[in-house]
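The lines below spell out each chain.
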Amino acid sequence: MPLGMTKPSLFPDDAHAERLRQSFTKFERDAEADPLANPVQALASKVFLELEAGVLSLADINGAAHALERDAFADRTRGFHHRREPAFVTERLEQLAKGTFETFQARLEKTPVGIVFTAHPTFALTNERRDLAARYPGPDGDMAQWRAQLEMSAPGAPENISLEEEHEDALAALSHAQNGVRVLNKTILEVARKAYPDQWKQLAPAPISLASWVGYDLDGRTDIHWGQSITIRLKEKALQLNRYGEALDDLINKGPVTDLAEMASAIKKAAQATLAHAEAFSGDLSDQNTVVAAANALTDDKAHRLVTLAPLIERLGQAIDAETNDDIAEALLLLRAEMRAFGLGVSRIHLRVNAAQVRSALKSDLQLDPDKDFFGRSALNVASSKAKIANARAVNFGSVFLEQMTARRQFMLCAQILKHIDADQPIRFLIAECEAPATVMGAIYLARLYGVEEKLDISPLFETPQALEGGGRFIERLLDEPEYVAYVKRRRRMSIQIGYSDSGRFMGQAAASLSAERLQVLFARALGAAKLNDVEALVFNTHGESMGRGAYPGGYAERMAHCTTPWVRSRFAYEGVPLICEFSFQGGEGYLHFQNQNLAENTVASLWSLSVDTPAPDFEDRFYKDINFSWDFYRSLKSWQESLYARNDYRDVIFSFAQHLLYKTGSRKTKRPRQGGGAPEIRSIRAIPHNAILQQMAVPVNVSGGIGAAGGREVDRFVQHVEHSARMRALLAMTGHARSMTGVTILRAYAGLYSPSYWSSLAGMTRRTSASEVYESVLQVLQQERASYALSTLADFLARDIRAYDAIRDKTGQNKNASASGRVPDLGVLHALRQALIARAASLAAQAPAFSRRHDVDRSDIIELTLNLQLEEAASFMVRIFPKESPTGDLMTSLKEPVDGDERHGGAYPEIHRTIIEPLLQINSTLKVLTSAIANHYGAFG
């Protein structure tokens, strides 16, 4: 709670929130007959003036904000659980078990789907709130108790998340996920025991894979030291060894099993040694003596090390064959399946770097300019020739310590991990912003140079418009290169990554999803044409939980069908190419799916059951049948989004006060490093804060924007497309959900708040009072700003597209209960409260006494800070300028000579603290509650 405020009780909060809702409803009804009326602005002005007059207090608004936030969180949680469905795993397995054991075995030993835990800054929910969401009681549970617990929990995000905290969150999610995989494997084995009593022990189930890049992802960040990655990897190894040791102890307690005691002892000793190695690498690795000591300890073959589980897995196989107790045999099979799936770690790992880092690392070896020479055919030839003659060189941790090139150092880390930590599990090497095939071929050269080619899956990431649209040709050019084909044949896998979040920032989510689908079809076609039917195709779809990051606002079936459509999956089947689909779960919102054991088991089971079969294609689907129109629609949609991102008013809004609406979340910086001066570019802000700003401003147009412009060119034909295409209806449902959360009226209300005209009217209305001068001061500051103009012109631009989209939805019957403020009434109330508080903050700042610029700021700067929502900074300046207590202590009271007036305070200003500074901090606290409430309505933070 803010300083000096006691939280009102539940009922007054709820009652006041309800009164605000009723007022807003009245203003909405009034606006139906007046095109100039704005219900959000009307409520905001009413609340602001009541705050000014003392009719309402900041405590009243804070209480109402908390009540509205709790309702939003409850709605969000209800929706989260409503989207989850039973997996029906046993029924699906029994259906598969109607065939031969060989067919059953082939299906269950092939991994069709994978889960990847990533840690972008999407931790807008505290762990306490995630636990509360996971425990949602449902219609038959004790809702009163749950609401009471909700009342006691605070909204918001964890403060200043570190990499270590992100990793702890990932480990917790992975622990539950591993248990979920174990439950799934147990169900598989139990069905097999019944269906194939003489053969079931031959089964080695591998239904789903787990991976993580937390601690290994260096794309766009320089704050992860190579020693941290090694330390994290060693800690993960120790955790997993202990997990195996506990499983063996359980087996030993069930009865005598050959060699298990000796195996358990070796594993426990290895776990202890691994923890010691992790501790050694946690030291100061800028000191070469520390590096030498840590490296020598890790590489000492006599230090109870386990670098491979192959001998233990073989011994487990022998024990399974000899075991006559089926229950013990099942437990042994489960342990063997885990050892094969996870190896010496809690999951497989993904290392990620940027393509520019790879090109820079190759500059000297390939004699190519990293900025100019990598994009032609000759560069691919050079890289292939170099890879063909590359001889592996041995490296050690000294090599890692001395290497300055990030990409080379990451390849060296791969070598050291494979040599000294886990020799069995493959490593994914992701290359972000990869637009040149020569970059991939150059990475293969580096992999050969450092002796890791056999265990490294090098995966280009397609996320920019150029990469997505040119990705098909990119893949074809690689598959025309004999050296690359030889590489994927040896790996028996070709991997690509598709980045929905950044591609959505460049071309909009709807266009990005269509482009991603086309790329996957071309991937299947290219592998089929190359006759690589014995090579697995792996597609890793990186996206977040919200629609703004590329996920579908529905259940697992809709989400998976959105990222890898039935048409795509059927195309791989047609080409005879095995397909593995991986999906990311990011940050607090993604980890919520694994917050407790029940959620994790359901998630794992659902993903497998939805992936085990290939859906039949619908050749009559108009989207695929009338491809010319579909392609025109895509290009128009993409063009509209690109024109939006190029607009100055859009850029001004994104980089205005709106960026200060967000919590500081995650350990990665909000903006990418940028070269040169000038105005910031949209591409310089990361996808997550970009998406979050749009949501916080009630215009998630990176999802819904452009549909009206693209579909409105031939409305009747587009409507026919929708009526005869399941693919188009799914796309329209996603964008329609975003449209239902869009309120141009809310954007216009912000324009009104930041308009000098509004403050001029206030000054005129109060011309006989001291308030007039206060409002004049705010007016003078706003006359220097572009915010109101940018908000107004952007709202006009968006409104034209929205009108066209709504007309289309009218014709398709999907546009019901439309509201200019968005379809969620509380959004209008929340934004009105926020705008009233912003106005109140500016008014308070303008009430400060005049002061000199000896502190490098004046009152206009303080007002500008409040309008920019930098309230803590504004308060900090004022505390320095107007200290609460005299800096001279009791000097003035100790002197006998009398003084008059304020001089007796000796430069103390407690009244300014009580009337201005503390209220500013109270407003800042309530604004954060409103940010949480609005984020809850969108189901994510970005």
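For the structure itself, consult the block above.
Residues numbered from 1 in each chain as written. Predicted model: local features only at pLDDT ≥ 70, side-chain atom pairs only at ≥ 80, totals over all residues. Heavy atoms only, no water.

Caption draft 1: How the structure looks around the overall build of the chain. The helix and strand inventory of the chain stands at 43 helices and 8 strands. The C-alpha radius of gyration computed for the chain amounts to 30 Å, which stays within 12% of the reference 30 Å derived for 942 residues, consistent with globular compactness. Based on the C-alpha atoms only, the size of the chain along its principal axes is roughly 95 × 80 × 65 Å. Taken across its 942 residues, the chain has 60% of its residues classed as buried. Partitioning the intrachain contacts of the chain with sequence separation of at least 6 by distance along the chain shows that 82% fall at a separation of at least 24. If you sum the accessible surface of the chain, you get close to 37,300 Å²; carbon and sulfur atoms cover 50% of it. (Helix = DSSP H or I, 4+ residues; strand = E, 2+ residues; numbered from the N terminus. Rg over C-alpha atoms; globule rule 2.2 N^0.38 Å. Buried < 20%, exposed > 50% of the residue type's maximum accessible area, 1.4 Å probe, protein only. Contact = heavy atoms within 4.5 Å. Areas by Shrake-Rupley, 256 points an atom, 1.4 Å probe, with all protein chains shown as cover.)

Caption draft 2: Just helix H5 (residues 101–108), in detail. All buried positions along H5 are accounted for by Phe101, Phe104, Gln105 and Leu108. Taken down its axis, H5 places every buried residue within 100° of arc, on the same side. The inward-facing, buried residues of H5 contact helix H4 (89–96), helix H8 (163–195) and helix H26 (597–611). (Arc of directions from axis to C-beta.)

Caption draft 3: Geometry of the packing of aromatic side chains. Applying the stated rule across the entire model yields 30 aromatic pairs. Aromatic side chains Phe411 and Phe429 sit 4.2 Å apart centroid to centroid with 20° between the ring planes, which places their arrangement in the stacked category. Residue Phe411 is located in helix H17 (residues 406–420), and its partner Phe429 is located in strand S4 (residues 427–432); the two are separated by 18 residues in the primary sequence. Using a relative accessible area of 0% as the deciding quantity, one classes Phe411 as buried. Given the relative accessible area of 0%, Phe429 is considered buried. On the numbers, 6.0 Å between centres and 50° between planes, the contact of Tyr484 with Tyr487 is tilted. In this pair, Tyr484 and Tyr487 are both assigned in helix H20 (residues 482–491), 3 residues apart and thus about one turn of the helix distant. Each member of the pair, Tyr484 together with Tyr487, is buried. (Phe/Tyr/Trp six-rings, centres within 6.5 Å; stacked < 30°, edge-to-face > 60°.)

Caption draft 4: Focus on the sheet that holds strand S8 (residues 579–586). Here we have 8 strands rolled up into a closed barrel, ordered S1-S2-S3-S4-S5-S6-S7-S8, and parallel in their pairing. Taking the axes of each pair of neighbouring strands and ignoring which way they run, one obtains an average angle of 25° across the sheet. Seen against the sheet, helix H18 (residues 437–449) touches S4 and strand S5 (456–462) and runs at an angle of roughly 160° to S5. (Pairing = 2+ DSSP bridges. Axes fitted to C-alpha atoms, helices over the stretch in contact; angles between N-to-C directions.)

Caption draft 5: Highlighting the side chain of Glu481. The residue Glu481 is located in the loop between helix H19 (465–479) and H20 in this model. Judged by relative accessible area, which is 9%, Glu481 ranks as buried. Here Glu481 is in contact with Arg377, Leu380, Asn381, Ser384 and Met441, once residues within four sequence places are set aside.

Caption draft 6: Fine view of the state of the cysteines. Inspection of the entire model under this criterion finds 0 disulfides. No disulfide involves Cys581; its nearest neighbouring cysteine sulfur is the one of Cys563, lying 9.2 Å away. (Disulfide = S-S within 2.5 Å.)

Caption draft 7: Structural detail: helix H7 (residues 143–152). Within the span of H7, buried status applies to Trp146, Leu150 and Glu151. Buried positions in H7, seen along its axis, are confined to an arc of 145° and lie on one side of it. In H7, the exposed residues that point more than 90 degrees away from the buried face are Ala144 and Met152. Of the residues that open H7, the one with a side-chain oxygen 3.4 Å from the backbone nitrogen of Ala144 is Asp142. (Polar contact = N/O pair within 3.5 Å; in protein donor to acceptor, adjacent residues only side chain to side chain.)

Caption draft 8: Up close: the packing of helix H9 (residues 226–254) against H17. Axis separation between H9 and H17 bottoms out at 11 Å; the angle between their running directions is 25°. Taken together, the axes of H9 and H17 are roughly parallel relative to one another. The crossing of H9 and H17 is right-handed. Residue-level contacts link Trp226, Ser229, Ile230, Arg233 and Lys237 of H9 to Arg409, Leu413, Ile417 and His420 of H17. (Parallel < 35°, antiparallel > 145°, perpendicular 65-115°, else oblique. Left-handed = near helix turned anticlockwise from the far one by under 90°.)

Caption draft 9: Quick peek at unusual backbone geometry. Residues other than glycine seldom take positive phi values, yet Phe88 does so here, at roughly 55°. Topologically, Phe88 is positioned in the loop between helix H3 (58–82) and H4. The phi angle at Arg492 is positive, at roughly 60°, despite the residue not being glycine. Along the chain, Arg492 falls in the loop between H20 and strand S6 (493–499).

Caption draft 10: Structural detail: the side chain of Ser725. Considering the arrangement of structural elements, one finds Ser725 in the loop between helix H33 (715–723) and helix H34 (726–740). Polar side-chain contacts of Ser725 include one of 3.0 Å to the backbone nitrogen of Met728. Non-local contacts of Ser725, meaning those with residues more than four positions away in its chain, are made with Asp621, Arg622 and Phe623.

Caption draft 11: Molecular detail of the packing of helix H2 (residues 39–53) against helix H39 (residues 825–846). Interhelical geometry of H2 versus H39 gives an angle of 40° and a closest axis separation of 8 Å. In terms of their interaxial angle, H2 and H39 are classed as oblique. In this structure, H2 crosses over H39, and the sense of that crossing is right-handed. Within the contact between the two elements, H2 uses Val40, Leu43, Ala44, Val47, Phe48, Leu51 and Glu52 and H39 uses Gly828, Val829, His831, Ala832, Leu833, Gln835, Ala836, Leu837, Ala839, Arg840 and Ser843. Split by residue class, the contact of H2 with H39 holds 12 nonpolar, 4 polar and 2 charged. (Nonpolar A, V, L, I, M, F, W, Y, C, P; charged D, E, K, R; others polar.)

Caption draft 12: Region of the structure containing the nonpolar core. Core analysis: the biggest nonpolar cluster contains 292 residues, and Ile458, Ile475, Tyr484, Met697 and Trp759 have the highest contact counts within it. Among the elements that make up this core, the one with the highest residue count is H39 (14 residues). In this structure, Trp759 is in contact with Phe48, Leu753, Tyr775, Val778, Leu779, Leu782, Ala839 and Ala842, ignoring residues within four places of it in sequence. (Core = buried A, V, L, I, M, F, W, Y, C linked by side-chain atoms within 4.5 Å.)

Caption draft 13: Quick look at the pairing of S8. Among the 8 residues in S8, 8 count as buried, and that is most of the element. What you see with S8 is no split at all: Leu579, Cys581, Phe583 and Phe585 on one side and Ile580, Glu582, Ser584 and Gln586 on the other are buried throughout. Across 6 bridges, strand S1 (residues 113–118) lies against S8 in parallel orientation. The partner of Ile115 across the bridge, within S8, is Phe583. Examined bridge by bridge, strand S7 (residues 536–542) and S8 share 5 bridges and lie parallel to one another. By the bridge assignment, Asn541 is partnered in S8 with Phe583.

Caption draft 14: Region of the structure containing the environment of Pro197. Summarising the element assignment, Pro197 is placed in the loop between H8 and strand S2 (208–212). In the structure, Pro197 is positioned 214 residues away from Phe411 in sequence and 47 Å away in space, judged by C-alpha atoms.

Caption draft 15: Local environment of the environment of Pro311. Relative to the elements of secondary structure, Pro311 occurs in helix H12 (residues 310–322). A residue is classified by how much of its surface remains accessible, and Pro311, at 43% relative accessible area, is partly exposed. A sequence separation of 19 residues divides Pro311 from Glu330, and the C-alpha atoms of the two residues are 20 Å apart.

Caption draft 16: Fine view of the pattern of salt bridges. Enumeration according to the criterion identifies 54 salt bridges in this entry. Between Glu69 and Arg129 there is a salt bridge; the shortest N-O distance is 2.8 Å. Here the residue Glu69 occupies a position in helix H3, and Arg129 occupies one in helix H6 (residues 127–134), the gap between them amounting to 60 residues. Like Glu69, the residue Arg129 is buried in the burial classification. One continuous salt-bridge network, built from bridges that share partners, spans Glu18, Arg21, Asp71, Arg147 and Asp826. (Salt bridge = Lys/Arg side-chain N within 4 Å of Asp/Glu carboxyl O.)

Caption draft 17: Geometry of the environment of Leu413. Tracing the sequence through the fold places Leu413 in helix H17. Sequence-wise, Leu413 and Val452 are 39 residues apart; in three dimensions their C-alpha atoms are separated by 9.9 Å. Beyond its immediate sequence surroundings of up to four residues, Leu413 is in contact with Trp226, Ser229, Ile230 and Val400.

By themselves, these figures tell us nothing about what the structure is for.
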